[in-house]
Amino acid sequence: MKYFRLIWKNAWRKKIRTSLTILSVFVAFLLFALLSAIGYAFRGGVDVADAERLIVIHKISLINPLPMSYMNRIAATEGVDSVTHGSWFGGYYQDPRNHFGQFPVDPQAYFDMYPEFDIPEEQLEAFKRNRTGAVVGQEIAKKYGWKVGDRIPIQATIWSRIDGSRTWEFDLEGIFSTDDPRGSSPIMLFQYDYFEEARAFGKGTAGWYILRVANGANPVDVANAIDLQFANSPNETETSTEAAFSQSFAKQFGNIALIVTLVLGAVFFTLLLVSGNTMSQSVRERISEIAVLKTLGFGDRTVLGIVLSESILIMLIGGLLGLGLGWLGVQGLAKEMGTFLPGVFLSPVAIATGIAMMIGTGLLAGIFPALKAMRLSIIDALARA
Amino acid sequence: MRGLQQVFAVTLLNLRTLPQRVGSSVVAVIGVTAVVLVFAAVLSMAKGFERTMISAGSDDTAIIVRSGATSELTSGLSNDQVLIVADAPGVLKDGDTSIVSAELYVVVDVKKKSTNVDANVPFRGVQPGAFDVRKDVTLVDGRMFEPGKNEIIVGRAAQQEFVGLDTGSVVRFGQTEWDIVGTFAAGGSVSESELWTDIRVLQGAYRRGNSFQSVRVKLQSEESLADLKTALEDDPRIDPDVMSEKEYYSGQAEGLSRFIKIIGYPLTILMGIGAVFGALNSMYSSVSVRGKEIATLRALGFGPISILFSTMVESTLLALIGGLLGGAVAYLAFNGFQVSTLNGPSFSQVVFDFAVTPDLLIDGLQAALIIGALGGLFPAIRAARLPVAQALREL
Amino acid sequence: MSDVLARLEGVSRIYQKGKEKVEVLHALDLEIPDGDFVAIMGPSGSGKTTLLNLLGGLDKPTAGTITVGGSELSSMSNSQLSRWRSTNIGFIFQFYNLLPVLTAHRNVELPLLLTDFGGKERARRASIALDIVGLADRANHYPRELSGGQEQRVAIARAIVSDPPLLLCDEPTGDLDRDMSDEILRLLQVLNRDHGKTIVMVTHDAQAAEFAKRTLHCDKGTLEAKETA
């Protein structure tokens, strides 16, 4: 609008002060972007969880295995479209610190259950055909520099083999990925049959079951039906939606959302002081100029608007730059942390919140100086000059 | 000495006029306070966690797990192997009996009070020697569990953190009910996050047969660790990792503690940069407000160094106040605050306190001083180089 | 010079200073015909600035009515007065009061931001105003790059850019030397004679008052005419 030049020029009347204020805003919103993205990761991929997938685990704890015999009984339960299983292998590659998820699975059934994982058709076929075959997510492949055809040794921490060794070797038959930026695939999948055959103990069990609810069926009803089947048995189950499961897992880390909010609260409180101080100094310096504007016929409310716009403008400049760099930072962070903290992502909700905060903080920082300008008595101000 | 007197005089004058510049001074102080507060909060989390984990381990106790296991949970030892360990050289004996405790733990779901959501709590089966191989384990409430019965004693921290673990309550894990008959303390260490029962009962309830995960032994001396290690590693019947308990717990703590620091240090640095910008802003404002005062002093013959110094002192002093304030608030607000989180290797909750330690506070003060110095330097140079004639003309 | 542009009837202005009441203007009657150029002189505290403020709608009388250009000011609200001022009054102050962050041209354009004119039209009118005061070549200079007299001329250009009928000047030459003062005063005469502006000028400088058509003396809140031919 036509007042923009006036607002812009006024904002920059003291270049160093405005630059430093913008830099403070920049840092605040950079932190906002980074912390929001990390907080998002701790929500455990809740947003990408499929509403139609349920997870069945042992009621006592996730680490207790479930009998394989349950699979058919789950499949036969009303409202279940398809079911497959997964188990925690818990090994590492070369160094105990290089740990990531490895799961023995039924290859075709697993990829059917997780259509968000993209894998070239021929790689999946090769995996299915090879008993000692394995496929990995592209994050893992990139991190360790693996290529299809490599022989990958994984050290087991739990599952020793019948032959006594704890080194399991796999042939890398494929690399899969997910194109949803909110999710990631830092895992390895191999053949359950091989696992079952070679492991020294625990045969006939799986870690958990994953099932897809049939069209039109109510997930809650299906979950209850499954748990009812195995109630009062030696291995009771607990079935929940994938989202609920991820969330309860994420919550075990603690109230990360609260921590992020508190830290950002401290950051923005400080920012408010800095920009509030800048704005009040800015207005104090030009009392007579504001009086002149009023004599020219600029209304009280117009003057209020001009001062508030100045405050918001400074916030927007610094804030958009901060969010921008923050977004870039998140891309890098996601790659770096992808293997041990997947799902670092700056969501659209976070960005919208950020912009709302720019405007909100701008209003709060500028409101008192703006009111002062609005209420300025022309005569007193000019008399003082 | 006139130079030094000049500097002191100007500095004192500057500080005396500080109350006139309350607005921007407060801003600088609060900026530093926020940085030190966040720094203290995050690092005290890491410290508290480390302290809880590591205080559990002592150098005169060794822990043996199966080789390659990343924690007790992923380890497995047979009864025979346990007996081999008990008879190995280096193990302290009480008369004829070795002081050992072969143990096994499972993870059970108990609701966390703070989130009201299930969390993984370690449920450990112990032998009578468990109290001798650990230091400072005492019953603080109720009584010890009776061998062979479904009775549990609960670690004090676990009782505070999770729902329904008071002495006298009954808990149900799966199909089995257990009576909570007592509460124990263990010097604030990680053991207090656990539930303990007789190992034979636990093995039975979770169908573990006669298998164990770990053996803790009391060493004859710190040096006996080497003998024990050699003896067990040479024995073909057992394939162990032998280490001091302290070393074991350090390893367990490493991942999470490193993670907290990887997030905490960059966060603090970014906030520190923001605080420097805030301090610069305040100091430039201070210098411009003091324009006449500085010009007058210069006209009277005070040298530029004294002006520079006084500005640096102002900036550093404000930052110092911020640092002290941040440290004080951190200490009063967080020190001893109990939280718990999931520790990867053990796949179970560890309950710990925030530990706002003196060295942490000192680090915070150092950070504050750096911010103060950086925030004051350029404004100080500008103040010293203020063109005197022009400033006086504007009087 | 037949129509009356501004009329004050029984105007009093009383200020409350703590417990005291200060009567600055006392039952004043004044008529200013259209096309007049009147100087108002008097000692400080005599109320001449208050009179100017009342004429410009910056202040409201405690008693009496003020009518300027047909509008009865004492009954208008603050926002109505603001709007009215933008097209009816041009102010010229002692200390130029230009916005330091804007160029001369942009300063002159300022009152036009309150109108519906588009950017091009505003720029055109501002250029015309600068032409009239003889500063077209300084259009892109900032106030700090101009001399005192030049700044005052920019202020005058700003005062006339929305073509108000009435110009109110408060000590317009108070801060200028003799030569620059004369330039400004001559300019005011041009605006009065050739552009039909009615001017009310408060001054303490008798020589400045001679440039006006008549002079009134303000003392203790009342006006006395001392007509000069």
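Criteria and cut-off values
Per chain, residue numbering runs from 1 following the sequence as it is written. By the order in which they are written, chains take letters starting at A while ligands take numbers starting at 1. With the structure being a predicted model, the display of local features is reserved for residues of pLDDT at least 70 and the display and counting of side-chain atom pairs for 80 or more, all residues being used for whole-chain, interface and lining totals. The way it works is that DSSP assigns letters per residue, a run of H or I at least four long becomes a helix, a run of E at least two long becomes a strand, and they are numbered from the N terminus. For the radius of gyration, the atom set is restricted to C-alpha positions; the globular benchmark scales as 2.2 Å times the number of residues to the power 0.38. With C-beta atoms placed from the backbone, the exposure class of a residue follows from how many other C-beta atoms lie within 10 Å of its own: 20 or more, buried; 12 or fewer, exposed; in between, partly exposed. Residues are treated as contacting if the C-beta atoms built from their backbones sit within 7 Å of each other. Three residue categories are used. Nonpolar comprises Ala, Val, Leu, Ile, Met, Phe, Trp, Tyr, Cys and Pro, charged comprises Asp, Glu, Lys and Arg, and polar comprises the others, including Gly. A domain assignment, automatic or from a database, supplies the domain bounds used here. Axis definition: a line fit to C-alpha positions, over the contact stretch in the case of helices; interaxial angles, taken between N-to-C directions, run 0 to 180 degrees. Angle categories: roughly parallel below 35 degrees, roughly antiparallel above 145, roughly perpendicular from 65 to 115, and oblique for all the rest. Only strands joined by at least two bridges in the DSSP assignment are considered to pair.

1. Here's the deal with the overall build of chain B
For chain B, the helix and strand inventory stands at 12 helices and 14 strands. The C-alpha atoms of chain B give a radius of gyration of 30 Å, which is well past the 21 Å a tight globule of 395 residues would have. With respect to the three principal axes, the spread of C-alpha positions in chain B is 95 × 45 × 30 Å. When burial is assessed residue by residue, chain B has 51% of its 395 residues classed as buried.

2. Let's talk about the environment of Gly149(C)
Residues and elements named next belong to chain C. Tracing the backbone through its elements, the reader meets Gly149 in helix H5 (residues 148–160). Considering only alpha carbons, one finds Gly149 and Thr173, 24 residues apart in sequence, at a separation of 8.7 Å. Ignoring anything within four residues of it in the chain, the contact list for Gly149 reads Leu176, Met180, Glu183 and Ile184.

3. Brief notes about the interface of chain B and chain A
Contact with chain B, which involves 41 residues of that partner, is made by 38 residues of chain A. When residues in the side of chain B that touches chain A are grouped by element, the largest group, 11 residues, is from helix H8 (residues 245–289) of chain B. Grouping the amino acids of the side of chain B that touches chain A by side-chain chemistry returns 22 nonpolar, 17 polar and 2 charged.

4. Some details on the domain arrangement of chain A
Accessible area lost during the coming together of the parts is what is often quoted as the interface size. For chain A, the assigned domains read domain 1 (4–42 + 255–384) and domain 2 (48–251). Computed over C-alpha atoms only, the centres of domain 1 of chain A and domain 2 of chain A are separated by 47 Å.

5. Side note on the packing of helix H2 (residues 22–55) of chain B against H8(B)
Residues and elements named next belong to chain B. Viewed as axis vectors pointing N to C, H2 and H8 meet at an angle of 175°, and their least axial separation amounts to 8 Å. Comparing their axes, H8 and H2 come out roughly antiparallel. Partitioning the contact of H2 with H8 into residue classes produces 22 nonpolar, 13 polar and 3 charged.

6. What to know about the environment of Gly39(A)
All names here are of chain A. Structurally, Gly39 can be placed in helix H2 (residues 15–41). A tally of 20 C-beta atoms within 10 Å means that Gly39 is categorised as buried. It is 6.7 Å that separates the C-alpha atoms of Gly39 and Val260, two residues lying 221 residues apart in sequence. Every residue in contact with Gly39, bar those within four places of it in the chain, is listed here: Ile256, Ala257 and Val260.

7. Here's the deal with the sheet that holds strand E12 (residues 237–241) of chain A
Residues and elements named next belong to chain A. Reading across the sheet, the 4 strands line up as E3-E11-E1-E12 and stay open at both edges, with antiparallel pairing between neighbours. Two strands close off the open sheet at either side, each with one partner strand: strand E3 (80–86) and E12. Averaged over neighbouring strand pairs, the angle between their axes works out to 25° when direction is ignored. Pairing of E3 with strand E11 (residues 208–213), which is carried by 6 bridges, proceeds in the antiparallel orientation. Its bridge partner being in E11, Gly86 is matched across the sheet by Trp208. Across the sheet, helix H8 (residues 219–229) is in contact with strand E1 (53–58), E3, E11 and E12; its angle to E12 comes to roughly 170°.

8. Description of the sheet that holds strand E7 (residues 151–156) of chain A
Remark on secondary structure: sheet strands pair via backbone hydrogen bonds, oriented parallel or antiparallel. Residue and element names in this part refer to chain A. A sheet is described by the order of its strands in space; here 6 strands give the open sequence E4-E7-E8-E6-E9-E5, paired in mixed fashion. Pairing within the sheet leaves two strands with one partner each, and these edge strands are strand E4 (91–92) and strand E5 (101–105). Bridge analysis of strand E6 (residues 133–137) against strand E8 (residues 167–176) gives 5 bridges, and the strand direction is parallel. Within E8, the residue paired with Val136 across the bridge is Ile175. Contacts between helix H5 (residues 121–129) and the sheet are confined to E6 and E8, with E8 contributing the most and set at about 155° to the helix.

9. Considering the domain arrangement of chain B
All names here are of chain B. As far as domains go, chain B holds domain 1 (2–54 + 252–393) and domain 2 (68–238). A straight line from the C-alpha centre of domain 1 to that of domain 2 covers 47 Å. The interface is formed by 13 residues belonging to domain 1 together with 18 residues belonging to domain 2. For the side of domain 1 that touches domain 2, the secondary-structure elements that each account for two or more residues are H2, strand E13 (338–343) and strand E14 (348–353). If you tally residues by element for the side of domain 1 that touches domain 2, the top one is E14, at 4 residues.

10. Observations regarding unusual backbone geometry
Residues and elements named next belong to chain C. You will see that Asp163, though not glycine, has its phi angle at about 55°, which is positive. As for its position among the elements, Asp163 is in the loop between H5 and strand E7 (166–170). Although it is not a glycine, Glu171 adopts a positive phi angle of roughly 50°. Relative to the helices and strands, Glu171 resides in the loop between E7 and helix H6 (178–193).

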